[in-house]
Amino acid sequence: MNFKQSAFRAGATIPVSGGGRIDLLAYGLLAATVAILGFNWPLLAIGLESLSPLWFGSLRLLSATVVMFPAVAVVRRLRPPARADLPVIASIGLGRLVGVLLLVLLALEIVPPGRASVLVWTASLWTVPIAVRYLGETMTPRRWQGIIVAIGGIVILVEPWRSDVNGRVVLGYLLLLTAAVLNAATAVHARGHRWSGTPLGLLPWQLIVATVPVTLVAVALEGIPQIDWSPKLVGIVAYQGVLATSVAMWAQLTVLQRLPAVPTNLALMLVPVVGVISSVAVVNEKMTVAALLGAGMIGVGVLAGMDLKRKAPVAPHVD
């Protein structure tokens, strides 16, 4: 048996000096999550050129449901949810998978994807005051400073002094901030919930709860769309269901079980970095000096809000 085989059979870890071990699987999944979610932002913007937000959201959720049900069944985690888990199924299914997704898709018809990725990522910051209110965590001076700095960064990122910033653009930014706060609220709810089942085992049911109402509303409001299924659109929809939703959610759940919250949060800070870089490369988004400064201030604010001396809640992203 070679070294690589023995490492993965031992739980994908390698020894390091000081007697510790590096969890190769967890860090590999974390890196994959950052790449998948970061690169997804320009793909969302491209997909909306061919589909309405409602139908894009419906197809994303439907494809993820088709993938996750058999996948969870194969690992023998698929079973009817316990009654005690129904609130968290509704919270994540309707709040995050429906609410956050549709708010983001509506906003991306107005706001460029790179800037959007930065604003939605502020969910990691808004988890702190919500956790203080509902989980009894402590609001330290450093966390207050982080929120103030991040709010200043948001203002600079929006660049309200620009002539092309109108009411529609402001609405797009407000939709993204609402998505970030909603994402944070569902993360805090999930953190405080006493789980009867496993997060992975409940994910297919959360997807069902999300897929059915979005699809019904899409049919009622817009009818069955005439879709030009180009290879590009097929690839984007497949990416949404398989990678950006199914694999990303499973990877984050696995990472959260194997790594501490602080390094996980710090690594997820790279998601909007990848989002900005990929948006500039793929859809030619123009990032001004002010926008980059604002994004940097938001990053500093989120980092301060984590307060590394304390445990910070993690807000997994599905974007």
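Computed from a prediction, not measured in an experiment: that's the story for all the values here.

### Structural notes on the overall build of the chain
Within the chain, the secondary structure is distributed over 13 helices and two strands. Residues classed as buried in the chain amount to 51% of the 319 residues present. Of the contacts made within the chain by residues no fewer than 6 positions apart, 87% connect residues no fewer than 24 positions apart. A total accessible area of about 14700 Å² is found for the chain, and carbon and sulfur atoms account for 67% of it.

### Things to note about the confidence of the model for the chain
Predicted confidence across the chain gives a mean pLDDT of 85, with 88% of residues reaching 70 or more. Ranking the elements of the chain by mean pLDDT puts helix α1 (residues 3–9) last, at 41, and helix α3 (residues 53–74) first, at 95. Here residues 1–10 is modelled with pLDDT under 50, and outside its nearest four sequence neighbours on either side it reaches six contacts, counting other chains as well.

### Considering the side chain of Q240
When you line up the elements, Q240 lands in helix α10 (residues 231–258). Relative accessible area serves as the criterion here: at 0%, Q240 is assigned to the buried category. Leave out the neighbours within four places in its chain, and Q240 touches N40, L43, L44, F56, R60 and T245.

### Points about the pattern of salt bridges
Any two side chains of opposite charge can pair, so long as their charged atoms come close to each other. Counting across every chain of the model gives four salt bridges. Linking E285 and R115 is a salt bridge whose minimum nitrogen-to-oxygen distance equals 3.4 Å. With E285 in the loop between α12 (270–282) and α13 (289–306) and R115 in helix α5 (residues 113–120), this residue pair connects regions lying 170 residues apart in the sequence. With respect to burial, E285 and R115 carry one shared label: buried. A salt bridge links E159 to R162, with the nearest nitrogen and oxygen atoms 3.2 Å apart.

### A short note on helix α2 (residues 24–47)
Between the first and last C-alpha of α2 there are 33 Å, a value that for 24 residues agrees with the 34 Å anticipated at 1.5 Å per step. Maximal helix bending in α2 amounts to about 35 degrees, located at W41; proline P42 follows within four positions.

### Thoughts on the environment of Y239
When you line up the elements, Y239 lands in helix α10. In this structure, the C-alpha to C-alpha distance between Y239 and R60, residues 179 residues apart in sequence, is 8.6 Å. Apart from residues lying up to four places away in sequence, Y239 is in contact with A35, I36, F39, N40, L43 and A244. In terms of polar contacts, Y239 uses its side chain to reach the backbone carbonyl oxygen of I36, at 2.9 Å.

### Details of the packing of aromatic side chains
Enumeration according to the criterion identifies two aromatic pairs in this entry. Both rings, one in F39 and one in Y239, keep their centres 6.2 Å apart while their planes meet at 65 degrees; by these two values the pair is edge-to-face. Residue F39 is found in helix α2, and its partner Y239 is found in helix α10; the two are separated by 200 residues along the sequence. Taking relative accessible area as the criterion, F39 reaches 34% and is therefore assigned partly exposed. Taking relative accessible area as the criterion, Y239 reaches 15% and is therefore assigned buried. Pairing F69 with W205 gives two aromatic rings, centres 5.3 Å apart and planes at 85 degrees, and the pair type is edge-to-face. One end of the pair, F69, is in helix α3; the other, W205, is in helix α9 (residues 199–222), with 136 residues separating them in the sequence. If you follow R133 out to its NZ or CZ, it ends over the ring of Y134, 4.9 Å from the centre.

### Notes on the side chain of S63
Along the chain, S63 falls in helix α3. For S63, a relative accessible area of 19% translates into the label buried. Setting aside its immediate chain neighbours within four residues, S63 contacts V237 and G241.

### Re unusual backbone geometry
Residue E159 is not a glycine yet carries a positive backbone phi of 55 degrees. Topologically, E159 is positioned in the loop between α7 (141–158) and α8 (167–192). Relative accessible area serves as the criterion here: at 4%, E159 is assigned to the buried category. With a phi angle near 60 degrees, N284 is a residue other than glycine that sits in the positive phi range. Tracing the backbone through its elements, the reader meets N284 in the loop between α12 and α13.

Definitions and cut-offs
Residues numbered from 1 in each chain as written. Predicted model: local features only at pLDDT ≥ 70, side-chain atom pairs only at ≥ 80, totals over all residues. Heavy atoms only, no water. Helix = DSSP H or I, 4+ residues; strand = E, 2+ residues; numbered from the N terminus. Buried < 20%, exposed > 50% of the residue type's maximum accessible area, 1.4 Å probe, protein only. Contact = heavy atoms within 4.5 Å. Areas by Shrake-Rupley, 256 points an atom, 1.4 Å probe, with all protein chains shown as cover. pLDDT = per-residue confidence, 0-100. Salt bridge = Lys/Arg side-chain N within 4 Å of Asp/Glu carboxyl O. Expected span 1.5 Å × (residues − 1). Bend = angle between axes of the 7 residues up to and from the residue. Polar contact = N/O pair within 3.5 Å; in protein donor to acceptor, adjacent residues only side chain to side chain. Phe/Tyr/Trp six-rings, centres within 6.5 Å; stacked < 30°, edge-to-face > 60°. Lys NZ or Arg CZ within 6 Å of the ring centre and 35° of its normal.

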